[in-house]
Amino acid sequence: MKTTPFTEKHIALGAKMHEFAGYNMPIEYTGIIEEHVNVLQNVGIFDVSHMGEFWVKGPKALEFLQKVSSNDASKLEVGQIQYSCFPTDKGGIMDDFLLYRYEEDKYMMVPNAANVEKDWAWCQKHNTMGAELENASDNIAQLAIQGPKATELMQCLTDINLSEIPYYTFKVGDFAGCPNVIISNTGYTGAGGFELYFYPTYAEKIWNALFEEGKNFGVMPAGLGCRDTLRLEMGFCLYGNDIDETTSPIEAGLGWITKLVDGKEALIGRKLLEEQKAGALTRKLVAFELKDKGIPRKDYVIANAEGKAIGKVTSGTMSPAMKKGIGLGYVEKEYAKVGTEIAIQVRNKNLKAEIVKLPFRK
């Protein structure tokens, strides 16, 4: 298995380790619920160095991005970030990613760890215009510092005014005495905070500084287990569960990042996406809460009020914040309206549930 610059730290802290996307990653330290609650109340630090990073550079960079990225990269100013996806030529999703405009003709893509090789091959295949591409995934480490006290903690370690970095923007500068750190107001928890990108040689210095300073802010390391429960409470899609090559961004509720505008005529799969936006859908991704006691799990059958199967759960858990079963899943589009009563089939029982509006955690 691959390691990150922090793997030895996780093991020394007694983390429960497991393979994820080819990496030896911490699933939990003291427990998923405790870590989840601490992120919501204080601050948690996630090692996300397994994520990929691709640089897209040169005069052809924007042309390339307008072809492979569902969102409209022409709207990005330097210092801004977009959420986007790679649409496939069959109308599915190759992966979802963040896109940073680092300089005038220099962008950074951040794809999912499990898809780095697949995404890199896809980008190379479709780089017919000759943009400069660089896979920097092994040369960049990343930490997510999340929670209501994250900004106060991090401000102790940088002269950059963090209050001047709005949501989905970033700045580059010194952090914990380390230069050229990307400080990004993004995250996958809905609890606020930042993500840091830096050279692996600075990993130990930044980690130690955060935990030393963080003693005053209730800092705890957080594993992939609570990362999943936190993102699900916000209704954020997880690649491989809620979106993949068999799901379209339109049916997944990602029409807002699918811009079929002038200048994106070469967008991969555009014709299929136009048809779907015009109404050619048979199913939609919905959020639901259980009314009966139980925990929904991936692939459980979703039924209508009469017990007829209408779809499947893609993500589900017992919400640590709300103390009830919640989940996402695809259903036939006529059942997708908020307020619709459905049932989740758990061990041959139909547990009552209701379609709700996201996020679960308000």
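Residues numbered from 1 in each chain as written. Predicted model: local features only at pLDDT ≥ 70, side-chain atom pairs only at ≥ 80, totals over all residues. Heavy atoms only, no water.

Draft legend 1. Quick look at the overall build of the protein chain. The helix and strand tally for the protein chain stands at 8 helices and 19 strands. Relative to the compact-globule value of 21 Å for 362 residues, the protein chain shows a C-alpha radius of gyration of 21 Å, a close match. When its C-alpha atoms are laid out on the principal axes, the protein chain stretches across 60 × 50 × 40 Å. The buried share of the protein chain, taken over its 362 residues, is 57%. (Helix = DSSP H or I, 4+ residues; strand = E, 2+ residues; numbered from the N terminus. Rg over C-alpha atoms; globule rule 2.2 N^0.38 Å. Buried < 20%, exposed > 50% of the residue type's maximum accessible area, 1.4 Å probe, protein only.)

Draft legend 2. Looking closely at the UniProt feature "domain: GCVT N-terminal" (unreviewed entry) in the protein chain. The UniProt record annotates "domain: GCVT N-terminal" (unreviewed entry) at residues 7-260. With 24% helix and 30% strand, residues 7-260 has end C-alpha atoms that lie 42 Å from one another. (UniProt positions renumbered as here; feature names shortened; annotations may be inferred.)

Draft legend 3. Structural detail: the pairing of strand β16 (residues 309-318). Burial within β16 is extensive, with 7 of its 10 residues counted as buried. Judged from the 3 bridges that link them, strand β15 (residues 301-304) and β16 form a sheet pairing that is antiparallel. From the neighbouring strand, Ile 302 faces β16, where its bridge partner is Gly 311. Linking β15 back to β16 in an antiparallel pair, the connection comprises 4 residues, with Gly 307 at a positive phi of about 95°. Direction of pairing for β16 relative to strand β17 (residues 325-332): antiparallel, over a ladder of 7 bridges. Looking across to β17, one finds that Met 318 is bridged to Gly 325. Counting the residues in the hairpin turn of β16 and β17 gives 6 residues, including Lys 323, whose phi is positive at 60°. (Pairing = 2+ DSSP bridges.)

Draft legend 4. Structural context of the confidence of the model for the protein chain. Summarising the model, the protein chain shows a mean pLDDT of 97, and 100% of its residues fall at 70 or more. Within the protein chain, helix α8 (residues 270-277) has the poorest average pLDDT of any element, 94, and strand β4 (residues 54-57) the best, 99. (pLDDT = per-residue confidence, 0-100.)

Draft legend 5. Highlighting the packing of helix α2 (residues 32-41) against helix α7 (residues 224-234). Closest axis-to-axis distance for the α2/α7 pair is 8 Å, and the angle between their directions is 55°. When the axis of α2 is compared with that of α7, the two are oblique. Crossing geometry of α2 relative to α7 is assigned as right-handed. Taken together, the residues of α7 that come into contact with α2 (itself represented by Ile 32, Glu 35, His 36, Val 39 and Leu 40) are Gly 225, Cys 226, Thr 229, Leu 230 and Glu 233. (Axes fitted to C-alpha atoms, helices over the stretch in contact; angles between N-to-C directions. Parallel < 35°, antiparallel > 145°, perpendicular 65-115°, else oblique. Left-handed = near helix turned anticlockwise from the far one by under 90°. Contact = heavy atoms within 4.5 Å.)

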